[in-house]
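Coordinate inspection notes
These are the residues of each chain, in order.
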Amino acid sequence: MLTGQKIVIIGGSSGIGLATAKLAAAEGAEVVLASRSAEKLEQAKAALGPDAKAITYTLDVTDEDQVRCLFAELGAFDHLVVTAAETKGGPFLTTATSASRQLMDNKFWGQYYAAKYGAPNLNPHGSITLFSGVVAFKAMAGSSVLGAVNAAVANLGQTLALELAPLRVNTVSPGIIDTPSRAGMAEEARSAFYSSTAAKLPVQRVGTASDVAEGVLYLIRNGFVTGTVLHVEGGHTLI
């Protein structure tokens, strides 16, 4: 149980972050949700239910000053989870460099800032959980920059596990997960993508936000796990 523990979840207003918040709150944790959208944060807080101990902050994770100020205001806490990230891809030669830089700012530098300014406030026996992704470990056309960013995050997590010890630092690497991050796709195209992916995977389905959240809770609970990359991808790297 996580009763009495305070967990900060950046990107906690939807998808994997919200699923993690629900599991943690159900185990008695106080959850702090931070994301860009005040509206989504209010919806997330309502989804947690009236009995959950939850507070929310609007935050642009790519803004270093905002991240610094957030942790200065929060004070001490026990665990940090950073799920906020873009996962856009595109052909290497035709994708605008500005879009690739934005992806790096969001997924790498955003997690870097959170770890840098959150670590000093963390319980030394607590944890940081970062997010990489399957394309760091299985090359896919159209994911050159995303794969490179994910690989950078995975290495950052392993290095910080040494530098910040005894604070534990781990990284989750999800596969294809059915979350609101793909809401921009046409419904028919999204459904076809999920179906074709599921047919190839050993588990015969794509993942859910709850699948990944269960992995995050494992990393939070297990005090003997650090410097690891936890693959929650249905066997995707095997195919």
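Described in the following lines is the structure provided in the data block. Owing to the predicted nature of the structure, the values given are computational and were not obtained by experimental measurement. (Residues numbered from 1 in each chain as written. Predicted model: local features only at pLDDT ≥ 70, side-chain atom pairs only at ≥ 80, totals over all residues. Heavy atoms only, no water.)

1. Some words on the overall build of the chain
Each helix and strand in the chain was counted, giving seven helices and nine strands. A globule of 239 residues ought to have a C-alpha radius of gyration of about 18 Å, and the chain, at 17 Å, matches this closely. Within the chain, buried positions represent 48% of all 239 residues. Pairs at least 24 residues apart make up 71% of the contacts formed inside the chain by residues separated by at least 6 positions. (Helix = DSSP H or I, 4+ residues; strand = E, 2+ residues; numbered from the N terminus. Rg over C-alpha atoms; globule rule 2.2 N^0.38 Å. Buried < 20%, exposed > 50% of the residue type's maximum accessible area, 1.4 Å probe, protein only. Contact = heavy atoms within 4.5 Å.)

2. Description of the layout of surface pockets
Counted as a void, the largest pocket has a volume near 1400 Å³. Along the wall of the largest pocket there are 50 residues; nearest its centre are A85, E86, T87, T179 and S181. Of all elements in the fold, only α1 (15-26), β2 (30-35), α4 (97-118), α5 (144-163) and α6 (187-200) reach the threshold of two or more residues within the lining of the largest pocket. Sort the elements by how many residues they give to the lining of the largest pocket and α6 lands first, with four residues. Lining of the second largest pocket is provided by 18 residues; of these, G89, T95, A99, S100 and V145 occupy positions nearest its centre. Secondary structure elements with two or more residues in the lining of the second largest pocket: α4 and α5. Of the residues forming the lining of the second largest pocket, the biggest block, five residues, is contributed by α4. For the lining of the second largest pocket, a count of residues per class yields seven nonpolar, nine polar and two charged. (1 Å grid on protein atoms, 1.4 Å probe; cavity = no way out; pocket = protein on both sides within 12 Å on 5 of 7 lines; lining within 4 Å. Points joined across faces, edges and corners; volume = space filled by probe spheres on them. Nonpolar A, V, L, I, M, F, W, Y, C, P; charged D, E, K, R; others polar.)

3. A closer look at the packing of aromatic side chains
The full count for this structure, using the stated rule, is seven aromatic pairs. Centre to centre, the rings of F108 and Y112 are 6.1 Å apart; their planes meet at 35°, and the pair counts as tilted. One end of the pair, F108, and the other, Y112, are both in helix α4, four residues apart, so they sit about a helical turn from each other. Each residue in the set F108, W109, Y112 and Y113 is aromatic and connected to the rest through ring pairs, giving one cluster. (Phe/Tyr/Trp six-rings, centres within 6.5 Å; stacked < 30°, edge-to-face > 60°.)

4. Looking at the packing of α1 against helix α2 (residues 38-48)
Two elements in contact, α1 and α2, have axes whose closest approach is 10 Å; the angle formed by their N-to-C orientations is 30°. Viewed along their axes, α1 and α2 form a crossing whose handedness is right-handed. On the side of α1, the interface is formed by L18, A21 and K22, while α2 contributes A44, A47 and L48. (Axes fitted to C-alpha atoms, helices over the stretch in contact; angles between N-to-C directions. Left-handed = near helix turned anticlockwise from the far one by under 90°.)

5. Section: the pairing of strand β3 (residues 53-58)
Remember that side chains alternate between the two faces of the sheet whenever the strand is regular. In this structure, β2 lies alongside β3, joined through six bridges in parallel fashion. The residue of β3 that forms the bridge with S35 is T58. Between the parallel elements β2 and β3, the chain passes through α2 in a crossover that is right-handed. (Pairing = 2+ DSSP bridges. Right-handed = clockwise from strand over helix to strand, strands pointing away.)

6. As for the pattern of salt bridges
Tallying each qualifying case throughout the model produces five salt bridges. For D60, the salt bridge identified is with R36, shortest N-O distance 3.2 Å. Taken as a pair, D60 in the loop between β3 and α3 (64-74) and R36 in the loop between β2 and α2 lie far apart in primary sequence, 24 residues in all. Among the ionic pairs, R68 bridges to D65, the shortest N-O distance being 2.5 Å. A residue pair is termed a helical-turn pair when its members lie 3 or 4 positions apart in one helix, as R68 and D65 do in helix α3 at three residues. For D65, a relative accessible area of 46% corresponds to the partly exposed category. Salt bridges sharing partners connect three or more residues here, namely E64, D65 and R68. (Salt bridge = Lys/Arg side-chain N within 4 Å of Asp/Glu carboxyl O.)

7. Notes on the environment of K45
Of note, K45 is situated in helix α2. A relative accessible area of 35% places K45 in the partly exposed class. With 29 residues separating them in the primary sequence, K45 and I16 have C-alpha atoms 15 Å apart. Other than its neighbours up to four places away in sequence, K45 contacts A54 and T56.

8. Here's the deal with α6
Over its 14 residues, α6 extends 20 Å from the first C-alpha to the last, a length consistent with the 20 Å expected when each residue adds 1.5 Å. Against β7 (177-178) lie the buried residues of α6. (Expected span 1.5 Å × (residues − 1).)

9. Overview of unusual backbone geometry
The linkage connecting A165 with the following residue, P166, adopts the cis geometry, with an omega of 10°. Here P166 is to be found in the loop between α5 and β6 (168-174). Its identity is not glycine, yet Q204 carries a phi of approximately 65°, on the positive side. Inspection of the secondary structure assignment puts Q204 in the loop between α6 and β8 (207-208).

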